[in-house]
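The chain contents come next:
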Amino acid sequence: MNSSEKKLQLLFPRHSIGNAPYAPKLTPPIGALVLASYLSKKLSDWKVEVFDCNATSEDEVLERIDASVVGISVWFSNYENGLEIARKIKAQSPGTKIVFGGPHTNGLAERILANNNFIDFVVSGDGEEPLVKLLAGVSLDLVSGLSYRLQGGKIASNPRHLGINLDEIPIFDLTCLKTPFVWGGNNTPLDSMPVSGVRGCIRVSRCEYCSIPTLGVRTLSPEFFWEQILLLKEKYGIDSFFETGDIFPVHHALKLAQALDAMPEEKKLELKKISIKIYLYPGMAFPKNIENLKKIGVKTVLLELKTCWFGVKKSLPETMLKAILQIPSCKKSMNLKKTESAFILHSFLVFRAKPKNHCKKTSLSFKKLPQKKQSKRLLQTRFIHCPARNFSSGA
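**Student:** Could you give me a rundown of the layout of surface pockets, with the residues and numbers involved?
**Tutor:** Taken as a whole, the second largest pocket spans an internal volume of roughly 240 Å³. In terms of lining, the second largest pocket is formed by 13 residues, of which the most central are Leu260, Lys272, Lys294, Lys295 and Ile296. Secondary-structure elements contributing two or more residues to the lining of the second largest pocket are helix H7 (250–261), helix H8 (265–271) and helix H9 (290–295). If one sorts the elements of the lining of the second largest pocket by residue count, H7 sits on top with three residues. For the lining of the second largest pocket, a count of residues per class yields six nonpolar, one polar and six charged.

**Student:** Tell me about the packing of aromatic side chains, residues and numbers included.
**Tutor:** Following the criterion strictly, the structure yields four aromatic pairs and no others. Measuring from ring centre to ring centre gives 5.2 Å for Phe225 and Trp226, while their planes differ by 75 degrees; the resulting arrangement is edge-to-face. Each member of the pair, Phe225 as well as Trp226, is classed as buried. Where Phe242 meets Tyr279, the ring centres are 5.3 Å apart and the plane angle is 70 degrees; that geometry is what we call edge-to-face. Remark: Tyr279 occurs in strand S12 (residues 275–280) and Phe242 occurs in strand S11 (residues 240–243); sequence separation between them is 37 residues. By relative accessible area, which is 14% here, Phe242 ends up buried. When the ring centre of Phe242 is taken as reference, the NZ or CZ atom of Lys277 above it lies at 4.2 Å.

Rules and cut-offs
- Residues numbered from 1 in each chain as written.
- Predicted model: local features only at pLDDT ≥ 70, side-chain atom pairs only at ≥ 80, totals over all residues.
- Heavy atoms only, no water.
- 1 Å grid on protein atoms, 1.4 Å probe; cavity = no way out; pocket = protein on both sides within 12 Å on 5 of 7 lines; lining within 4 Å.
- Points joined across faces, edges and corners; volume = space filled by probe spheres on them.
- Helix = DSSP H or I, 4+ residues; strand = E, 2+ residues; numbered from the N terminus.
- Nonpolar A, V, L, I, M, F, W, Y, C, P; charged D, E, K, R; others polar.
- Phe/Tyr/Trp six-rings, centres within 6.5 Å; stacked < 30°, edge-to-face > 60°.
- Buried < 20%, exposed > 50% of the residue type's maximum accessible area, 1.4 Å probe, protein only.
- Lys NZ or Arg CZ within 6 Å of the ring centre and 35° of its normal.

Written out as structure tokens, the structure is:
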């Protein structure tokens, strides 16, 4: 894709469903920031800007759109708003190429193109290498993970990229972020700056929750991870971080702890002032796995229950209870103070049908959980359709 302007603007649409719209403070879009860092390194003649539509009005973002290419990163929670802003961008600037990417596009790329003629391309999987090739003008059939229209309107999809080495992505800062962000401190367990040191899932090769083939687990090198944390702390005063990896590989904590021990004393003292939040799955949060997590500054653990089924499993209440019962021993092992964050039960329920009675029954079960004194907070997100199973006909 050749252009005399060579400007790319990456947008993260406003959330509309799920828990995100009600979060105490929304943080910058980590996916777009990481992508911008990589693209700026690989394509020095392209200017890259990032806009977080959660941080300003949509009208203000639309007024500032002047790029030849606009990339829009969509989750389930901002997909509808992503479509709406893409439609408006194409209406005000028909020549602008619009690229959709992000977790929600996996398994839905061809359907997104078929139902929305204002979208030009959809990227599935890691977006770094596909976007580099697309912007560099490589033949479309050679751009991995790309779905696009052929002459005559037929849609073609290329095999997805096998996954980038995370150490190839430069450390990011907030220079390219063009919407407001001011770090206000860690006032709640959800008030943390996202960082991306883990991609993939340790549980399965492909789960029906996210519909993304995970290709195993990839991790940022420990030295690179701490370098990223230090930059954000020193440059912006950020002292609370959220590792966005789907499930944190507890064995990786040992490597992070060893790298931290090997650092100069001055840097170690700085890193002792930070706190980290991670996702774990029930069964991984026993005291034997906690020591290294404590060493690297983990103060908040979200115990996730990600499930996909046709009906309500009889074992669900037992599984949830088991997760809650882990909390007191883990808190004790981590020596958490009363003022510090603790363990939070965080659930995602994915249904492959529309069992209204089952939805109601399961919701009632979850509402009882916060009554357990060990459970400090319960976050619940329920989906009715699972994109991986092509039930989302309105994509």
